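Each chain is listed here by its residues.
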Amino acid sequence: MLRIIDARSGEPTDAVPARRSLVRVHARPPGFDTTGLRVLLVADVLVRALELGGTPVWATSGSVADPDALRASAAALGIRPFEDHRDATGGPGATHTLQVLTPGSAATDAAASPGGTADDAAAGDVRVGVAPVESGSGPEAGHGLGAGAGPGADTGAPDPTVLRLALLQHRRDDPLRLDAAALAEAGDTLARWRAAVAAWATRPSRPVPEDVRQRLRAAWEDDLDVPGVLGVLRWVEESDVPEGARFETYAYADRLLGLELTRDIGAAS
């Protein structure tokens, strides 16, 4: 069962209070910047984790100053659409809300924020904390990550999923600095994994080993530990797991990660 450390209390709590009950995931991006994009990305992965566990989810997002620009940037990174809904209370039978937000936002310290006010937050809601992104300098600005450019700028980057992986490689509650080196590392990893998955897809299919499946689920169910999931994939990459099973493992994990790891299957060499 997925457990989340509540940013308000610091205590772990069940993300789903009752099996198969509707859960609302409400994202509170602070604005149109890379931190706002990180908030939406964490919310997207949280929705995926809940759905993988069979939980129905209502995904909503608070308002920002430039919602169309943030929505377009989110779509480029494979973040599924969230329903615009400023009020974090109420809903179609939702009995439990997970609010994804940054430290110091309205739902944690009662200060007003673009995503809503403290009055919007029910006392029983769980706060999923997301640390801010510190933009780097130099070549990074060319990727549209500078404070002025915003994540939706024309970056010239061949694959926006590189940014998605760069954001996912760190715990959501750890401050993150994105620079050219971080993006290059993510790009190298993504290219290597996609090439490996395309090669493994030509081998006889094997099921995901049960112990590997359990390790993956244990990671993402432990406070949405996405870096832990990526660590399992790195282990599988170098292990003696049959190649057909490696393919199925990466395809399974990608249902959570959303990195399009199977994209290059059948591509011309």
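Because the structure is predicted, anything quoted here is derived from the model rather than measured.

Quick notes on the rules
For every chain, the first residue of the written sequence is number 1, and numbering continues from 1 along that sequence. Only residues with pLDDT of at least 70 get local features here, since the model is predicted, and only at 80 or more are side-chain atom pairs given and counted; chain-wide, interface and lining totals rely on the full set of residues. Think of the side-chain values as coming from all heavy atoms in the structure, minus any hydrogens and water. Throughout this description, the term salt bridge denotes a Lys or Arg side-chain nitrogen within 4 Å of a carboxyl oxygen of Asp or Glu. We count a stretch as a helix when DSSP gives it H or I for four or more residues in a row; a strand needs E for two or more, and each element gets its number in order from the N terminus. What makes two strands pair is DSSP finding at least two bridges between them. Note on definitions: a residue-residue contact is assigned when non-hydrogen atoms from the two residues lie within 4.5 Å. To define axes, lines are fitted to C-alpha atoms, for helices over the stretch in contact only, and angles between the resulting N-to-C directions are given on a 0 to 180 degree scale. Note on terminology: angles under 35 degrees are roughly parallel, angles over 145 are roughly antiparallel, angles of 65 to 115 are roughly perpendicular, and the others are oblique. All amino acids are sorted into three groups, where Ala, Val, Leu, Ile, Met, Phe, Trp, Tyr, Cys and Pro are nonpolar, Asp, Glu, Lys and Arg are charged, and the leftover types, Gly among them, are polar. Partly exposed describes any residue whose relative accessible area lies between the buried limit of under 20% and the exposed limit of over 50%, with all areas from a 1.4 Å probe on protein chains only and scaled to the type maximum. As used here, the arc belongs to the directions running from the helix axis to the C-beta atoms.

(A) Quick peek at the pattern of salt bridges. For the structure on display, the rule yields 19 salt bridges. Here E134 ties to R177 by a salt bridge, and the two come within 3.0 Å at their closest N and O atoms. Of this pair, E134 sits in strand β8 (residues 133-135) while R177 sits in strand β9 (residues 176-178), and the two are 43 residues apart along the sequence. A salt bridge links R213 to E210, with the shortest nitrogen-to-oxygen separation between them at 3.9 Å. On the criterion of helical spacing, the pair formed by R213 and E210 is a turn pair, its members being 3 residues apart in helix α6 (residues 210-220). The network of salt bridges with shared partners includes D44, R48, E51, R80 and R164.

(B) Representation of the sheet that holds strand β3 (residues 23-27) within the structure. As summarised here, the arrangement of the 5 strands in space is β5-β4-β3-β6-β7, forming an open sheet in which the pairing is parallel. The sheet is open, and its two borders are formed by β5 (83-84) and β7 (126-129), each paired with just one other strand. With respect to the sheet, helix α1 (residues 34-52) is in contact with β3, β4 (57-61), β6 (96-101) and β7, its orientation differing from that of β3 by roughly 165°.

(C) Expanded view of the packing of helix α4 (residues 161-168) against helix α5 (residues 180-200). One can describe the packing of α4 onto α5 by two numbers: an axis separation of 8 Å at closest approach and a directional angle of 110°. On the basis of their axis angle, the class for α4 and α5 is roughly perpendicular. Judged by residue contacts, T161, V162, L163, L165 and A166 of α4 engage A182, L183, A186, G187, T189, L190 and R194 from α5. Here the residues of the contact of α4 with α5 sort into 8 nonpolar, 3 polar and 1 charged.

(D) Seen up close, the pairing of β6. Counting buried positions over the 6 residues of β6 gives 6, a clear majority of the element. Examined bridge by bridge, β6 and β7 share 4 bridges and lie parallel to one another. Counterpart to L101 in the pairing with β7 is G129.

(E) Quick look at helix α2 (residues 67-76). Listing the buried residues of α2 in full gives L70, S73 and A74. With its buried residues spanning 100° around the axis, α2 presents them on a single face. In α2, the exposed residues that point more than 90 degrees away from the buried face are D68 and A75. Those residues of α2 that are buried lie in contact with α1. Positive backbone phi, approximately 80°, marks G78, located one or two places after α2.

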